[in-house]
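Here is how the chains run, residue by residue.
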Amino acid sequence: MAGWDSVTTPDATTQPGSERPHSPYADTPVPGDPTQSALVQAARGRTTPHTPVWFMRQAGRSLPEYRELRVGTGMLEACATPDLVTEITLQPVRRHGVDAAILFSDIVVPLKAVGLDIDIVAGTGPVVAEPIATRADLDRIPELSPEHVPYITEAVSTLVAQLGSTPLIGFSGAPFTLASYLVEGGPSKTHQRTKALMHGDPELWRDLCARLAQIASTFLQVQIDAGVSAVQLFDSWVGALPRADYLRFVEPHSRAVLTAVGEQVPRIHFGVGTGELLADMADAGADVIGVDYRLSLTDAVERTGGRYPVQGNLDPALLFAPWPVIEERVTEIVREGRQAPGHIFNLGHGVLPDTDPTVLTRVVELVHSLG
Ligand code: 1CP
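A. Molecular detail of the overall build of the protein chain. Counting its secondary structure elements, the protein chain contains 15 helices and 9 strands. The C-alpha atoms of the protein chain give 20 Å as radius of gyration, which agrees with the globular expectation for 371 residues (21 Å, within 12%). By its C-alpha atoms, the protein chain is 65 × 45 × 40 Å across when sized along the principal axes. In the protein chain, buried positions account for 57% of the 371 residues. Partitioning the intrachain contacts of the protein chain with sequence separation of at least 6 by distance along the chain shows that 74% fall at a separation of at least 24. Carbon and sulfur atoms make up 51% of the accessible area of the protein chain, which totals about 14500 Å². Side-chain charges of the protein chain comprise 28 positive and 44 negative groups, with the mean position of each set lying 4 Å from the other.

The structure is reproduced here in C-alpha cells:
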C-alpha cells in the first residue's frame, strides 16, 4: 500500500526488514504523515498491515512515571500546563509503542475553561460546586471560544510536531455525559437528576444540550486546527438510557457535534454499556463505533450492518488475569475485528489504575504480531 514504506514509527514495526527506533521521541521530532498511519487508515475502513492499538486512559495512574510527574499538581492544573500535557501524553507512546497518542486532558476541561466552578477530586472524579437545575443556571454557561483554551492549542501543536507519523487523538465529552456531571454535581450511578430534568423540563434540557454541543464542537475544532489526526466523542454514561430516550433527548445533540467535525478527521463515537444504542450512535455521524466489553465485536458488526470500522474491546479487568487468558481473548478479538471494514484494538473502557503496565506493553506486541 502506498505510503507505508515511509512510515518510521511504530507503524513500521511489523514490516519485514523495518527497524523500530528504541525511542522515536527521545530527542528530535520525527517527520511523517499520520494520515497514513494504521490507526487513521483503519478508521477510514482501509486495509492495514497490522491492527492498530491504543488504550483509553493509557496515560494516567497505571504508569509510575505519570504518578511521579503529577505529585503536587492538581488534575485540572496539569491539563492547563502544556509542558505537562505533552510529557504525560507521550509517556504511554514511548513505553508501550501504541499506534496513537491521546491528548492528556479531561472532558470537563472546556467547562472549567468557560468559568464553571468545577474540580477533579482524586478518588472521586469531577465535582461541580453549583449543579445546573434551572434556566438561570444555564445562563451561567457561556459559549466556548478558542481563546478560552490556548493551552490546548499549544500542547497539541507541540505534540503533533514531536509525534511525527504517530497520530494524536483529540477528544471531547458528548452533551449527555457532560450534562450528567453538571446536573448531578459529580459522578452518578443512577443519573436520577439528569433523567428528571430531561423528562421534567424538556426545553431546558434541549437548551442545555445545545450549549454543551457548542462547547464540545468548539473544543474538538481547536484540537483539529492544532493538528490532531482523529477525534473521539466520549458519551461514557449514555448507556443508562433506553433507546427511545436516546433518540429523542440525546442523539440530535451528539449528531450536531459529529456533523460540525464533518470529514476533517475520523470520528470515533464511544459509550459504556451502549449495546442497545450502537446502531444509533454509529448513524449519528461516526466513522468508527467504539464497543465496550459487554458486547462481542461480532455482535457489534452485526448490529451496525457491517458498515462501520469498530474499536475495542478487551475487558480492562481481564488484564489482571493470567497471561494465557489475555492472549486467548486478545487473539479472539483481533479475529472478530476482521469482520468489520476496519478494526482499532482497544480496551472496552479505560485502563484501571492498578493495571500492571508491562501487561499493556505485551498486549500491544501481541496485537501487532497477529498482523
Ligand atoms: O489525578 C488523576 O490522575 C485523575 C484521574 C484522571 C485522569 C488520568 C481523570 C479524572 N481524568 C483523567 C484523564 C482523562 N480523562 C483522559 C486522558 C487521556 C487518556 O485516555 O489517556 C481522558 C480521555 C479522559 C476523559 C474522561 N474524563 C471521561 C471519558 C472517558 C471514560 O473514562 O469514560 C470521563 C467520564 C471523565 C470524567 C472523569 N475524570 C476523571 C475521572 C476519575 C472521571 C470519571 C469519574 C466518574 O464519573 O466515575
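More follows now that the structure is in view.
B. Local environment of the environment of proline 242. Among the structural elements, proline 242 can be located in the loop between strand 5 (230-234) and helix 11 (243-261). For the pair formed by proline 242 and threonine 274, sequence separation is 32 residues and the distance between their alpha carbons is 9.7 Å.

C. Layout of the side chain of threonine 89. Within the element layout of this structure, threonine 89 appears in helix 4 (residues 82-96). Among the polar contacts listed, one links the side chain of threonine 89 to the backbone oxygen of valine 85, at a separation of 2.6 Å. When residues no more than four places from it in sequence are discounted, the contact partners of threonine 89 are Ala101, Ile102, Leu103, Phe104, Leu159 and Leu168.

D. Layout of helix 15 (residues 357-369). With 13 residues, helix 15 extends 19 Å from end C-alpha to end C-alpha; this agrees with the ideal 18 Å at 1.5 Å per step. For helix 15, the full list of buried residues reads Pro357, Val359, Leu360, Thr361, Val363, Val364, Leu366, Val367 and His368. Each element contacted by the buried residues of helix 15 is listed here: helix 2 (64-70), helix 4, helix 14 (323-337) and strand 9 (343-347). Taken from the residues just after helix 15, glycine 371 is the one with a positive phi, measuring 80°.

E. Structural detail: the pairing of strand 3 (residues 125-128). With 4 bridges joining them, strand 2 (residues 118-121) and strand 3 adopt antiparallel strand pairing. Paired with isoleucine 120 across the strands is proline 126, a residue of strand 3. Counting the residues that bridge the hairpin from strand 2 to strand 3 gives 3 residues, and of these glycine 123 lies at a positive phi of roughly 85°.

F. Representation of unusual backbone geometry in the model. In this structure, the amide linkage connecting glycine 312 to the following residue, asparagine 313, adopts the cis form with an omega of -10°. The topology assignment puts asparagine 313 in strand 8 (residues 310-314). One non-glycine residue with positive phi stands out, namely arginine 57, at about 60°. Note on placement: arginine 57 falls in the loop between helix 1 (38-43) and helix 2. What makes arginine 57 exposed here is its relative accessible area of 59%. Positive phi, normally seen in glycine, also occurs at histidine 191, with a value near 55°. Relative to the helices and strands, histidine 191 is located in the loop between helix 8 (175-184) and helix 9 (192-200).

G. The arrangement of the layout of surface pockets in detail. Space inside the largest pocket adds up to approximately 1400 Å³. Lining the largest pocket are 46 residues, and of these Arg57, Arg61, Asp106, Gly125 and Val351 sit closest to its centre. Looking at the lining of the largest pocket, its residues break down into 24 nonpolar, 15 polar and 7 charged.

H. How the structure looks around the site of the ligand. The immediate surroundings of the ligand are formed by 25 residues, with Arg57, Tyr66, Tyr181, Ser236 and His349 found nearest. Residue glutamine 58 places a main-chain N or O atom 3.2 Å away from an oxygen atom belonging to the ligand. Separating an oxygen atom of the ligand from a side-chain N or O atom of arginine 70 is a distance of 2.7 Å. The protein chains hide 88% of the 880 Å² of surface that the ligand would expose on its own. Assessed atom by atom at 2 Å from the grid points, the ligand resides in the largest pocket. Where the shell around the ligand is concerned, the elements lending two or more residues are helix 2 and strand 3. Residue classes in the shell around the ligand are distributed as 15 nonpolar, 6 polar and 4 charged.

I. Up close: the packing of aromatic side chains. Going through the model one piece at a time under the given rule, you end up with 4 aromatic pairs. With a centroid separation of 5.5 Å and 90° between ring planes, the pair formed by phenylalanine 171 and phenylalanine 234 is classed as edge-to-face. Taken together, the positions of phenylalanine 171 in strand 4 (residues 168-173) and phenylalanine 234 in strand 5 put the pair 63 residues apart, joining distant regions of the chain. For the pair phenylalanine 171 and phenylalanine 234, a shared accessibility class is recorded, and that class is buried. Ring-pair connections join several aromatic residues into one group, and the members of that group are Phe171, Phe234 and Phe270. One Lys or Arg, arginine 362, reaches over the ring of tryptophan 323 and ends 4.2 Å from the middle of that ring.

J. Spotlight on the sheet that holds strand 8. Read across the open sheet, the 7 strands follow the order 1-4-5-6-7-8-9; overall the sheet is parallel. One side of each edge strand has no neighbouring strand; the edge strands of this open sheet are strand 1 (101-102) and strand 9. Note: strand 8 against strand 9, 5 bridges, orientation parallel. Pairing of leucine 314 across the sheet is with leucine 347, part of strand 9.

Reading the values: rules and limits
- Residue numbers here run from 1 along each chain, matching the order of that chain's written sequence.
- The model is predicted, so local features are restricted to residues of pLDDT at least 70 and side-chain atom pairs to those at 80 or more, both for listing and for counting; the totals for chains, interfaces and linings are taken over all residues.
- As a convention, hydrogens and water are excluded, and side-chain values are obtained from all of the structure's heavy atoms.
- By the criteria applied, helices consist of DSSP H or I runs no shorter than four residues and strands consist of E runs no shorter than two, each listed in order from the N terminus.
- For a compact globule the rule gives 2.2 Å times the number of residues to the power 0.38, and the radius of gyration it is set against comes from C-alpha atoms.
- Each residue is assigned to one of three classes by its accessible area relative to the maximum for its type, calculated with a 1.4 Å probe on protein chains only: buried under 20%, partly exposed between the two thresholds, exposed over 50%.
- Should any heavy atoms of two residues lie within 4.5 Å, those residues are considered in contact.
- Only the protein chains shown count as cover for residues, and all accessible areas are computed by the Shrake-Rupley method using a 1.4 Å probe.
- Residues scored as charged are limited to Lys and Arg (positive) and Asp and Glu (negative), so that His and the chain ends carry no count.
- Where a charge lies is defined by one atom per residue type, namely NZ (Lys), CZ (Arg), CG (Asp) and CD (Glu).
- Any pair of nitrogen or oxygen atoms within 3.5 Å is treated as a polar contact; in protein, a donor-acceptor pairing is required on top of that, and neighbouring residues in sequence qualify only through side-chain atoms on both sides.
- Helix span, as expected, comes to 1.5 Å for every residue beyond the first.
- A pair of strands is considered paired only if DSSP assigns at least 2 bridges between the two.
- Within this scheme a cavity is a closed region of a 1 Å grid, computed over the protein atoms alone, that accommodates a 1.4 Å probe without allowing it to escape, whereas a pocket is open but has protein on both sides within 12 Å along at least five of seven lines; lining residues each have an atom within 4 Å of a point.
- Grid points are joined across faces, edges and corners, and a volume is the space filled by probe spheres set on the points.
- Charged residues are taken to be Asp, Glu, Lys and Arg, nonpolar residues to be Ala, Val, Leu, Ile, Met, Phe, Trp, Tyr, Cys and Pro, and polar residues to be all remaining types, Gly included.
- We call a residue near a molecule or strand when any one of its heavy atoms sits within 4 Å of it.
- A pocket or cavity is taken to hold a molecule when more than half of that molecule's atoms are within 2 Å of the pocket's grid points.
- Side-chain rings of Phe, Tyr and Trp, where Trp is taken by its six-membered ring, are said to pair if the distance between their centres is within 6.5 Å; with planes under 30 degrees apart they count as stacked, over 60 as edge-to-face, and otherwise as tilted.
- The criterion for a charge sitting over a ring is simple: Lys NZ or Arg CZ within 6 Å of the ring centre, and within 35 degrees of the ring normal.

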